[in-house]
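# Working through the structure, step by step
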Amino acid sequence: QMIRIAIRADAEQVFAALTDGKQTPAYCYGFEAEFDLGAGRLYRYTAGGADVITGTVLAVEPGRSLRTTFRGAWAPDVAALPESTVTYTLGDPPM
């Protein structure tokens, strides 16, 4: 499934909102990101000290793309779902 959205920000700003724990709470439902941005490295989003999303970085091109595994943990029915893969491909909006 592919979802496309437009955001009034450049690709670098969106990438930072996804991966920088100082910025993510303002954009990601109050979740704080903890990323070690390298392939094979673990990441997580937390809320109130608890994991809500965890996974592994599969590929990264800072400011342009991020591919990770994704395991949600915010509710028992979500935690029971199989791990999936999420790819963010970022580009500057056409002017």
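A quick note: this is a predicted structure, and the numbers were derived from the prediction, not measured.

Turning to the nonpolar core, a few remarks are in order. Formed by 15 residues in total, the largest nonpolar core has its most connected members in Phe31, Phe35, Tyr43, Tyr45 and Ile53. Of all elements in the fold, only α1 (11-19), β1 (32-35), β2 (42-47) and β3 (50-61) reach the threshold of two or more residues within this core. The element that contributes the greatest number of residues to this core is α1, accounting for four residues. Excluding residues within four positions of it along the chain, Tyr43 makes contact with Glu34, Phe35, Ile53, Thr54, Gly55, Thr56, Val57, Thr68, Thr69 and Phe70.

A word on the environment of Val78. With respect to the helices and strands, Val78 occurs in helix α3 (residues 76-79). Counting along the chain gives 26 residues from Val78 to Val52, while the straight-line C-alpha distance between them is 9.9 Å. Apart from the residues within four sequence positions on either side, Val78 is in contact with Gly72 and Ala73.

What follows concerns the side chain of Thr24. Among the secondary structure elements, Thr24 is positioned in helix α2 (residues 24-27). Within the local environment of Thr24, its side chain forms a polar contact with the backbone nitrogen of Ala33, the two atoms lying 2.9 Å apart. Leaving out residues up to four positions away in the same chain, Thr24 has contacts with Ala17, Leu18, Thr19, Phe31, Glu32, Ala33 and Tyr45.

Parameters at a glance
- Residues numbered from 1 in each chain as written.
- Predicted model: local features only at pLDDT ≥ 70, side-chain atom pairs only at ≥ 80, totals over all residues.
- Heavy atoms only, no water.
- Core = buried A, V, L, I, M, F, W, Y, C linked by side-chain atoms within 4.5 Å.
- Buried < 20%, exposed > 50% of the residue type's maximum accessible area, 1.4 Å probe, protein only.
- Helix = DSSP H or I, 4+ residues; strand = E, 2+ residues; numbered from the N terminus.
- Contact = heavy atoms within 4.5 Å.
- Polar contact = N/O pair within 3.5 Å; in protein donor to acceptor, adjacent residues only side chain to side chain.

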